[in-house]
Amino acid sequence: MKNITLMLFAVAITAMYSNLSAQSESEMKAWMEYMTPGDIHKMMARSDGEWNADISMWMAPGAPVQKSTATTINKMILGGRYQSSTHSGSFNGMPFEGISTVAYDNAKKSFISTWIDNMGTGIMILEGKWDDKTNILNTKGKQTDPMSGKEMMVRETFQIIDGNTEKLEMYMTPVGGKEFKSMEIIFTRKK
């Protein structure tokens, strides 16, 4: 009887191990697909390099445009999985620095971007999809409105015009207000 019990236990363990092994292979395949940079990451890498940024900003609906310039350096990091960008220039006579990251999440099939700068203490996170027909990335998210302390909606469009020209447009919806275009940046490749 003891041998039959041990044999049944061994069969059960073998069956369970086979089931786990198959599941683990499936899970491992999914993980490998998730972590492997693909064609969209290669597209992102084409923006690597140094860029001039011509910036137009509107602080409120109908406000006069404020112009400034900056330099942007894009670099794919962590084995080509993310693009990190540093931005430096001036705004209203003060030095300006910003850092952004862009990811394409293979599992979610969407882009995620983050933004931080020395003009605030929060992080803006946007998410959206790429439109092949227009070469535009459309993202949405929220950021803190420093005047009210509440979250406001933010929308961006990022367009690849050609290999040396890109355009970003930002739209904000102030708390209790209507969406307006708050920024436009034309990027031209330096190097």
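## Some remarks on the overall build of the protein chain
A count of helical and extended segments in the protein chain gives two helices and 10 strands. For the protein chain, the α and β elements follow one another from N to C terminus as α-α-β-β-β-β-β-β-β-β-β-β. If you take every contact in the protein chain between residues at least 6 apart in sequence, the share linking residues at least 24 apart comes to 32%. With an accessible surface of roughly 12,400 Å², the protein chain has 61% of that area assigned to carbon and sulfur atoms.

## Thoughts on a nonpolar patch on the surface
A surface patch of nonpolar side chains, about 520 Å² in accessible area, is lined by Met28, Trp31, Met32, Tyr34 and Met35. Structurally, methionine 32 is set in helix H1 (residues 2-35).

## Details of the pattern of salt bridges
Two side chains bearing opposite charge may form a pair once their charged atoms approach each other closely. Inspection of every chain in the model, using the stated rule, returns eight salt bridges. Between glutamate 50 and lysine 190 there is a salt bridge, with its nearest N and O atoms 3.2 Å apart. Residue glutamate 50 is located in strand E1 (residues 49-57), and its partner lysine 190 is located in the segment after strand E10 (180-189); the two are separated by 140 residues in the primary sequence. Given a relative accessible area of 18%, glutamate 50 falls into the buried group. Given a relative accessible area of 41%, lysine 190 falls into the partly exposed group. Between lysine 142 and glutamate 151 there is a salt bridge, and its shortest N-O distance comes to 3.8 Å.

## Concerning the side chain of asparagine 74
In this fold, asparagine 74 is placed in strand E2 (residues 66-77). Judged by relative accessible area, which is 9%, asparagine 74 ranks as buried. Here the side chain of asparagine 74 touches serine 47 through a polar contact of 2.9 Å, landing on its backbone oxygen.

## Brief notes about the nonpolar core
The biggest cluster of nonpolar side chains holds 17 residues, and the ones touching the most others in it are Ala53, Ile55, Met170, Met183, Ile185 and Phe187. Breaking this core down by element, the ones donating at least two residues are E1, strand E6 (124-131), strand E8 (151-162), strand E9 (165-173) and E10. Counting residues in each nonpolar core, the second largest holds seven residues, with Met44, Met76, Tyr104 and Leu137 among its members.

## Thoughts on the packing of aromatic side chains
Tallied over the entire structure, the rule returns three aromatic pairs. When the centroid spacing of 6.2 Å and the interplanar angle of 20 degrees are considered together, the rings of phenylalanine 96 and tryptophan 115 count as stacked. One end of the pair, phenylalanine 96, is in strand E4 (residues 94-105); the other, tryptophan 115, is in strand E5 (residues 110-117), and 19 residues separate them in sequence. Judged by relative accessible area, phenylalanine 96 falls into the buried class, the value being 17%.

## With respect to the sheet that holds E10
The pairing of strands in a sheet happens through backbone hydrogen bonds and is either parallel or antiparallel. Taking strand neighbours around the barrel as the criterion, the 10 strands line up as E1-E2-E3-E4-E5-E6-E7-E8-E9-E10 in a closed arrangement whose pairing is antiparallel. Direction aside, the axes of adjacent strands within the sheet are offset by 25 degrees on average. Pairing analysis gives seven bridges linking E6 to strand E7 (residues 136-144), with the strands arranged antiparallel. Note on E7: the bridge partner recorded for tryptophan 130 is leucine 137.

## Remarks on the environment of methionine 43
Of note, methionine 43 is situated in helix H2 (residues 39-45). Residue classification places methionine 43 among the buried positions, given a relative accessible area of 14%. Not counting residues within four places of it along the chain, the set of residues in contact with methionine 43 comprises Phe111 and Trp130.

## Structural notes on unusual backbone geometry
With phi around 50 degrees, leucine 78 is a residue other than glycine that occupies positive phi space. With respect to the secondary-structure elements, leucine 78 resides in the loop between E2 and strand E3 (82-91). Classification of leucine 78 as exposed rests on a relative accessible area of 58%. One non-glycine residue with positive phi stands out, namely lysine 109, at about 60 degrees. Along the chain, lysine 109 turns up in the loop between E4 and E5.

Scoring rules and cut-offs
- Residues numbered from 1 in each chain as written.
- Predicted model: local features only at pLDDT ≥ 70, side-chain atom pairs only at ≥ 80, totals over all residues.
- Heavy atoms only, no water.
- Helix = DSSP H or I, 4+ residues; strand = E, 2+ residues; numbered from the N terminus.
- Contact = heavy atoms within 4.5 Å.
- Areas by Shrake-Rupley, 256 points an atom, 1.4 Å probe, with all protein chains shown as cover.
- Patch = residues over 30% accessible without salt bridge, like charges linked within 9 Å, V, L, I, M, F, W, Y side chains within 5 Å.
- Salt bridge = Lys/Arg side-chain N within 4 Å of Asp/Glu carboxyl O.
- Buried < 20%, exposed > 50% of the residue type's maximum accessible area, 1.4 Å probe, protein only.
- Polar contact = N/O pair within 3.5 Å; in protein donor to acceptor, adjacent residues only side chain to side chain.
- Core = buried A, V, L, I, M, F, W, Y, C linked by side-chain atoms within 4.5 Å.
- Phe/Tyr/Trp six-rings, centres within 6.5 Å; stacked < 30°, edge-to-face > 60°.
- Pairing = 2+ DSSP bridges.
- Axes fitted to C-alpha atoms, helices over the stretch in contact; angles between N-to-C directions.

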